[in-house]
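# Notes for the structure review
These are the residues of each chain, in order.
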Amino acid sequence: MKYSDLDDYRKSFFRMGVYAGFFLLCAFITLHLAGCGSSAGNESSASDVLGLTSDRLNGTPVEIKILPGATKVAPGDSIAVTVKVTDKNGLPANDVTVSLSSLLGGTFDSQSGETKNGYFSTQYKAPEVTGTDGVTAIALGTSSTALVLISAKPEIPVEVKLSLGSTTLKPKGQTTVSVNVRQNNNPVNEMNVVLSSTAGGEFANNSGTTQKGWFNTVYTAPDNVGTGTIFAAALDGTDSEEITISQDFLTRPEVSLYSSAMELPPGGVTTLTIKAQSSGKAVTGKVILTSTIGGTFESIGDGELVNGYYSTTFTSPTDSKGLATITALVNGASCSIQLFVRNPPANNASVSVIISSKELFPGQATLIIVRIFDKNGSPVSGKVAFDSSLAGTFTDPEKELDNGSVYTTFTAGEETGSCTINAYWQDASGSASLKITERIATIKVSTPKDIVKKESVSPISVQVTDLLGAPFESEAVTVTTGDPDAKFNPATGQTDKQGFFVTEFTAGNTVVDVDILFTSRGVTASKTIKVQ
């Protein structure tokens, strides 16, 4: 074959290839248009089933995220399951039907339902088997699966206590979230904690591990009003708190409870006065009163505050004696006092109990002094027995009087609240109260400069101490901010022996005021740095 003939052959072959490609492209477009028409018809049909119109969907794909209340559950036990559905832009997908299924045969209170503000929540009950169950959620043809381990409960259960800085928030408002995990009343370290919310919103960290029994984070409420529940889970232990997102943001009031008598005979009567204020102003609302040993309240325990006050009478029971705890509840806040119900001593002895420290942290000790004199004012002899209304230990639970006096030491346990120390001699007794409080933390934040340049690095020093100034050692500290350009190194860490935690703040490339939150032991401090 000549070279020219070969060249003509190549050109002819190229033209044939171009024509073939053109015809294939036309066929593909025709089939694609036909398929789109078919797809549109199917989408309309599916939309009718799901209760949505195709113009609302606009063919937008959705993303599904399953948020189980716990990643481990015992056979037959229940946990909350929340499904979050968003469109491709991350916006909540509303009125979308979500269907749930379980690989191992678990059941749901509501196996399907429509999203509200992008969320659908129900309760999942594990089957009576052990293994790893796959909980699957399907919406608009998209599915997602979360794994839940079904395992027998440990011999010693895990106790989970959830605490919120506030249970009433404004839309987009923030509150601290603290989870305390204990086993056999001892703090559990390196325990995985999972958080979820049926109200929506976001956690700075919705999971993490405990440090000295504590896991702390910050919760940001959604931008819509409503109510919901925040769940905390660790192994087989769970706890929850109800929250309210409201434009009419109210803080819990300060409640005080007073009694005209601190000791009553069976059937005795005392007057109770309740005072409730918020930010120094009187509040309104209903008062609910309870007693741990029975008895009756005038107005059967309920009444309305008038100018922040409410008064009633309490009649002690005739068939019960001992320590009565009276509690007043107002708008979610409470206050308690303790009264003695007992017969007057026959010998008319006077028992005086003196406590050297009126406020203790768990594990702290205080000196107890008891003096007993008869009706003539003379010191008595014999043994004195001690007990307390909250957990704690006495160096001498029984001790002989020396010239009418006796000394012992009381060490507070892990329980917190008002604690009554009781001393008994024959048929006479006396008491005094102290307060056992959590070792509340306070956070001090310091920076060399409050105004920094763009993309510059500045150290931030955080010190965590108690209210008396004693440092917290090896406490977890978390740093969060709403500015996506701001960086912290590290963003989490632990305090040293002096309670200090140091991080480096790297500013972004935008002129902005950066609001930074520092959280430790359920307490949050804030700092604003101006970036210029």
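Scroll up for the structure.
What counts, and at which threshold
- Counting restarts for each chain, with residues numbered from 1 along the sequence as it is written.
- pLDDT decides what is reported in this predicted model: residues at 70 or higher carry local features, side-chain atom pairs at 80 or more are listed and counted, and totals for whole chains, interfaces and linings draw on all residues regardless.
- Water and hydrogen atoms were dropped before computing side-chain values, which therefore reflect all heavy atoms in the structure.
- By definition, any uninterrupted DSSP run of H or I lasting at least four residues is a helix, any uninterrupted run of E lasting at least two residues is a strand, and each is numbered from the N terminus.
- Accessibility here uses a 1.4 Å probe with only protein chains present; expressed as a share of the type maximum, an area under 20% marks a residue as buried, one over 50% as exposed, and anything in between as partly exposed.
- Here, residues are in contact when the closest pair of their heavy atoms is within 4.5 Å.
- What sets the accessible areas is the Shrake-Rupley method with a 1.4 Å probe; for residues, cover comes only from the shown protein chains.
- Cavities and pockets are found on a 1 Å grid laid over the protein atoms alone: a cavity is a set of points where a 1.4 Å probe fits but cannot escape, a pocket is an open set with protein on both sides within 12 Å along at least five of seven lines, and a lining residue has an atom within 4 Å of such a point.
- Grid points are joined across faces, edges and corners, and a volume is the space filled by probe spheres set on the points.
- Note on residue classes: Ala, Val, Leu, Ile, Met, Phe, Trp, Tyr, Cys and Pro are nonpolar, Asp, Glu, Lys and Arg are charged, and everything else, Gly too, is polar.
- Each pair of strands is called paired provided DSSP finds at least two bridges between the two strands.
- Buried residues of nine kinds, namely Ala, Val, Leu, Ile, Met, Phe, Trp, Tyr and Cys, make up a nonpolar core once their side-chain atoms join them within 4.5 Å.
- Residues form patches when they are more than 30% accessible in relative terms and have no salt bridge. Like charges link within 9 Å. Nonpolar side chains (Val, Leu, Ile, Met, Phe, Trp, Tyr) link within 5 Å.
- Take a side-chain nitrogen of Lys or Arg and a carboxyl oxygen of Asp or Glu: if they are within 4 Å of each other, that pair is a salt bridge.
- Under this definition, polar contacts are N or O atom pairs within 3.5 Å; protein pairs additionally need one hydrogen-donor-capable and one acceptor-capable atom, and for neighbouring residues in sequence, both atoms have to be side-chain atoms.

## Some words on the overall build of the protein chain
Scanning the protein chain from N- to C-terminus turns up two helices and 47 strands. Sorting the 532 residues of the protein chain into buried and exposed places 41% on the buried side. Pairs at least 24 residues apart make up 57% of the contacts formed inside the protein chain by residues separated by at least 6 positions. When the accessible surface of the protein chain is split by element, carbon and sulfur atoms take 51% of a total near 27,800 Å².

## Some details on the layout of surface pockets
Which parts of space are left empty comes out when a probe the size of a water molecule is rolled across the atoms. Reported here for the largest pocket is a volume of approximately 1,300 Å³. K161, S163, T416, E438 and I440 are, among the 35 residues lining the largest pocket, the residues nearest its centre. Going through the elements one at a time, strand 10 (158–164), strand 12 (174–183), strand 29 (333–341), strand 37 (417–425) and strand 38 (428–436) are the ones with two or more residues in the lining of the largest pocket. Ranked by residues supplied to the lining of the largest pocket, first place goes to strand 10 with five residues. For the lining of the largest pocket, a count of residues per class yields nine nonpolar, 15 polar and eleven charged.

## Points about the pairing of strand 38
In this structure, strand 31 (residues 359–360) lies alongside strand 38, joined through two bridges in parallel fashion. In the sheet register, L360 faces strand 38, and the bridge partner there is I436. What sits between strand 37 and strand 38 in their antiparallel hairpin is a turn of two residues, with Q426 showing a positive phi close to 50°.

## Regarding the sheet that holds strand 19 (residues 237–245)
Taken together, the five strands give an open sheet; going across it, the order is 11-19-18-14-16, and neighbouring strands pair in mixed fashion. Edge positions in the sheet fall to strand 11 (168–169) and strand 16 (207–209), since each has one partner strand and no second. Relative to strand 19, strand 18 (residues 226–234) is paired through nine bridges, and the arrangement is antiparallel. Residue pairing for strand 19: T229 is matched across the bridge by E242.

## Section: the side chain of T366
Secondary-structure assignment places T366 in strand 32 (residues 365–373). Residue T366 is classed as buried on the basis of its relative accessible area of 3%. Aside from chain neighbours lying at most four places away, what touches T366 is I355, S356, S357, L360, T408, T409, F410 and L434.

## Details of the nonpolar core
Among the nonpolar cores identified, the biggest contains 25 residues, and I368, V370, I372, F386, F410, I421 and L434 are the most heavily contacted of them. Looking at this core, the elements with two or more residues in it are strand 30 (350–355), strand 32, strand 33 (383–388), strand 36 (405–412), strand 37 and strand 38. Once residues within four sequence positions are removed from consideration, I368 is found in contact with V353, I354, I355, F386, V406, Y407, T408, F410 and I421. Judged by nonpolar contacts, the second largest core, of 24 residues, contains I64, V83, A137 and I150.

## Remarks on a nonpolar patch on the surface
A contiguous nonpolar patch, built from L103, L104 and V129 and spanning about 260 Å² of accessible area, is present on the exposed surface. By the secondary structure assignment, V129 is in the loop between strand 7 (119–125) and strand 8 (131–139). The exposure class of V129 is partly exposed, given its relative accessible area of 36%.

## Some thoughts on the side chain of S178
Its location among the elements puts S178 in strand 12. Judged by its relative accessible area of 4%, S178 falls in the buried class. Here N216 takes part through its side chain, which lies 2.9 Å from a polar atom of the side chain of S178. Each residue touching S178, except ones within four places of it in the same chain, is listed here: K161, L162, S163, W214, F215, N216, R521 and G522.

## Some details on the pattern of salt bridges
Counted according to the given criterion, the structure contains six salt bridges. For E202, the salt bridge identified is with K84, shortest N-O distance 2.8 Å. In this pair, E202 is assigned in strand 15 (residues 202–203) and K84 in strand 3 (residues 78–87), connecting sequence segments 118 residues apart. According to the relative accessible area criterion, K84 is partly exposed, its value standing at 22%. Among the salt bridges present, the one from R521 reaches E475, with a minimum N-O distance of 3.2 Å. Note that R521 is positioned in the loop between strand 46 (512–520) and strand 47 (523–531) and E475 in the loop between strand 41 (457–466) and strand 42 (476–481), a separation of 46 residues in sequence.

## Observations regarding the environment of S101
Note on placement: S101 falls in strand 4 (residues 97–102). What makes S101 partly exposed here is its relative accessible area of 32%. Residues S101 and G134 lie 33 residues apart in sequence; the distance between their C-alpha atoms is 8.2 Å. Apart from the residues lying within four places of it in its own chain, the contact partners of S101 are F108, Q111, G134, V135 and T136.

## Observations regarding the sheet that holds strand 35 (residues 398–400)
Each strand in a sheet pairs with its neighbour through backbone hydrogen bonds, running either in the same direction (parallel) or in the opposite one (antiparallel). Spatial strand order, 31-38-37-33-35: five strands in an open sheet with mixed pairing. The open sheet is flanked by strand 31 and strand 35, the only strands paired with a single partner. Examined bridge by bridge, strand 37 and strand 38 share nine bridges and lie antiparallel to one another. If you follow S418 over to strand 38, its bridge partner there is K435.

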